[in-house]
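Read off the chains here:
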Amino acid sequence: MSNKFPVNRALFDDVMVPNYAPSAVIPVRGQGSRVWDQDNNELIDFAGGIAVNCLGHCHPALVSALKEQGDKIWHLSNVMTNEPALRLAKKLVDNTFAEKVYFANSGAESNEAALKLARRWALDVHGEDKTQIIAFKQGFHGRTFFTVTVGGQAAYSDGFGPKPGDVVHAEYNNLESVKALISDKTCAVMMEPLQGEGGIVAPTDEFAKGVRELCDQHNALLVFDEVQTGVGRLGTLYAYEGLGVTPDILTTAKALGGGFPIGAMLTTTELAKHLKIGTHGSTYGGNPLACAVGEAAFDTVNTPEVLNGVVEKAKVYVDGLNAINAKYNVFKEIRGKGLLIGAVLKDEYQGRAKDFLVAAMAEGVMTLVAGANIVRFAPSLVIPNEDIVEGLARFEKAVAKIAQ
Ligand SMILES: *Cc1c(COP(=O)(O)O)cnc(C)c1O
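Residues numbered from 1 in each chain as written. Predicted model: local features only at pLDDT ≥ 70, side-chain atom pairs only at ≥ 80, totals over all residues. Heavy atoms only, no water.

Things to note about the overall build of the chain
Selection criterion: Here a helix means four or more residues in a row that DSSP labels H or I, a strand means two or more in a row labelled E, and each is numbered from the N terminus. Two things to know: the radius of gyration comes from C-alpha atoms, and the globule rule equals 2.2 Å times the number of residues to the power 0.38. Burial status follows relative accessibility: with a 1.4 Å probe on protein chains alone, a residue under 20% of its type maximum counts as buried, one over 50% as exposed, and anything between as partly exposed. It only takes one pair of heavy atoms within 4.5 Å for two residues to be counted as in contact.
Within the chain, the secondary structure is distributed over 15 helices and 15 strands. Its C-alpha atoms give the chain a radius of gyration of 21 Å, near enough to 22 Å, the size a compact globule of 404 residues would have. Principal-axis analysis of the C-alpha atoms gives the chain an extent of 60 × 55 × 45 Å. Of all 404 residues assigned to the chain, the portion counted as buried reaches 51%. Long-range pairs, those at least 24 residues apart, make up 71% of the contacts in the chain with a sequence separation of at least 6.

Considerations on the site of the ligand
Threshold: Note on terminology: near, applied to a residue and a molecule or strand, indicates that one of the residue's heavy atoms is within 4 Å of it. Between N or O atoms, a polar contact is any pair within 3.5 Å; within protein, one atom must be a potential hydrogen donor and the other a potential acceptor, and residues adjacent in sequence are included only when both atoms are from side chains. Areas reported here follow the Shrake-Rupley algorithm with a probe of radius 1.4 Å; residue values treat only the protein chains shown as occluding. Polarity classes work like this: nonpolar for Ala, Val, Leu, Ile, Met, Phe, Trp, Tyr, Cys and Pro, charged for Asp, Glu, Lys and Arg, and polar for all others, with Gly in that last group.
Neighbouring residues of the ligand: Ser 106, Gly 107, Ala 108, Asn 111, Phe 140, His 141, Gly 142, Glu 192, Asp 225, Val 227, Gln 228 and Lys 254. Phe 140 places a polar main-chain atom, nitrogen or oxygen, 3.2 Å from a nitrogen atom of the ligand. Across the complex, the protein chains shield 82% of the 390 Å² of accessible surface that the ligand would expose by itself. Ranked by residue count, the leading element in the shell around the ligand is helix 5 (residues 107-126), at three residues. Across the shell around the ligand, the residue classes break down as three nonpolar, six polar and three charged.

Focus on the pairing of strand 12 (residues 340-345)
How we decide: In this analysis, strands are considered paired if DSSP registers two or more bridges between them.
The element strand 12 is largely enclosed, with a buried count of six among its six residues. The alternating pattern of strand 12 places Leu 340, Gly 342 and Val 344 on one face and Ile 341, Ala 343 and Leu 345 on the opposite face, and all of these are buried. Across six bridges, strand 11 (residues 331-337) lies against strand 12 in antiparallel orientation. Bridge pairing in strand 12 links Lys 337 to Leu 340.

Brief notes about the layout of surface pockets
Heads up, the rule is: Residues are called lining when one of their atoms sits within 4 Å of a cavity or pocket point, these points coming from a 1 Å grid over the protein atoms alone, where a cavity is a set in which a 1.4 Å probe fits but cannot get out and a pocket is an open set with protein on both sides within 12 Å along at least five of seven lines. Grid points are joined across faces, edges and corners, and a volume is the space filled by probe spheres set on the points.
Space inside the second largest pocket adds up to approximately 630 Å³. What lines the second largest pocket is a set of 25 residues, and nearest its centre among them are Asn 78, Val 101, Tyr 102, Phe 103 and Leu 275. Element by element, the count of residues in the lining of the second largest pocket is highest for strand 4 (residues 100-104), at four residues. For the lining of the second largest pocket, a count of residues per class yields 12 nonpolar, 11 polar and two charged.

Overview of the packing of helix 4 (residues 83-94) against helix 12 (residues 288-301)
The angle between the axes and the distance between the axes are what describe a pair of packed helices. Using the following cut-off: Inter-axis angles, ranging from 0 to 180 degrees, are taken between N-to-C directions of lines fitted to C-alpha atoms, where helices are fitted over the stretch in contact. Working rule for handedness: look at the near helix, and if it is turned counterclockwise from the far one by less than a right angle, call the crossing left-handed; if clockwise, right-handed.
Following both chains from N to C, one finds helix 4 and helix 12 inclined at 35°, their axes separated by 8 Å at the closest point. Considering the relative orientation of helix 4 and helix 12, their crossing is left-handed. Mapping the contact onto sequence places Pro 84, Ala 85, Arg 87, Leu 88, Lys 91 and Leu 92 in helix 4 and Pro 288, Cys 291, Ala 292, Gly 294, Glu 295, Phe 298 and Asp 299 in helix 12. In terms of residue class, the contact of helix 4 with helix 12 is made up of eight nonpolar, one polar and four charged.

Focus on the sheet that holds strand 11
Here four strands make up an open sheet; going across it, the order is 11-12-15-14 and the pairing antiparallel. Where the open sheet ends on each side, the last strands, each with one partner, are strand 11 and strand 14 (368-369). Alignment of strand 12 against strand 15 (residues 374-377), held across four bridges, turns out to be antiparallel. Its bridge partner being in strand 15, Ile 341 is matched across the sheet by Phe 377.

Concerning the sheet that holds strand 1 (residues 27-31)
In spatial order, the strands read 1-2-3-13; together these four strands make up an open sheet with mixed pairing. Edge positions in the open sheet fall to strand 1 and strand 13 (365-366), since each of these has one partner strand only. Where strand 3 (residues 42-45) and strand 13 come together, two bridges link them in parallel fashion. Looking at the pairing, Ile 44 lines up with Val 365 of strand 13.

Put into structure tokens, the structure is as follows:
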């Protein structure tokens, strides 16, 4: 393709809505856990497209599923069903607590479906007073107006006029704060089984089990937003398995398509029946291309080798980050689970997570932040150990520059 204009970062400012601040680097090609930019500079990818690229870039199983489906049929809409959607739904049902699947295209849309289902169930079964939704401060559930309201961060939800009502926020890992809010008017409690965007905060067992018990006592639904934690990220197919707490509704997206946009809401037959014909929908939801890639990603991730590998690779990261910290003393804590890892900056470095990200990029390694004080790592679940070691060596150089 020939263009009569330069395609560079400056063009972003010319033609894109300014709601993002992308890096100056524009990757054009990726293979496994490495990507190359327009000038053929190579980067190691510890970001994984924000916990999306669970099998790295251009994994052969995903590429061949996409190509194969690309030659068959791309899109039908939900006026008809399609084989890839049916196959992926069957696999999700067979491997989780769920009995029914609703497909969407993103995490926010999957959560939107979960919230609408919870509200509709409550109305159908308990009447019109049971509308309260309890979520958590520092939670994140997406950017539609309902989901951003349920997410517990005013910076994202305020400034758009009146919000959807009857949404309140408790404190994560504080069961008393949930007790203080919950009642028979509570329709659902929505939580991440490990807060991602909010700072890589794992729930205590006591908290997770306690929330389940409170929901049961008050006939409220427990919704687990596994958009970030799902599809092997924490070393189990879904995080709820590791917690020993089963939700009523689970949402999954990010890694579900390994980089192809897809999301899903999973639930029981008993609850699913409340979204009857015409109550909710999506043009693209369950798109054959997305589901074909999703199926290949699911089959590849849902194996003991990959899931056990997550636990082993996590140890390489944590040991490596601790070794860096022993030299430079910049982190207060290395936390998280599986390959969702947060390095929490010491007080002297408050607010400087982005500086670490930028310095790391300059050394050839892509990282993420989770808020202003945490450097986040969410790499491919199958990143080769050599790439972890090399990426951490590059990250160490970045740390050294900041620490001096
Ligand atoms: C990323 C994320 C979302 C939003 O997903 P989108 O695909 O950006 O809509 C929702 N919940 C959690 C926990 C997430 O990490």
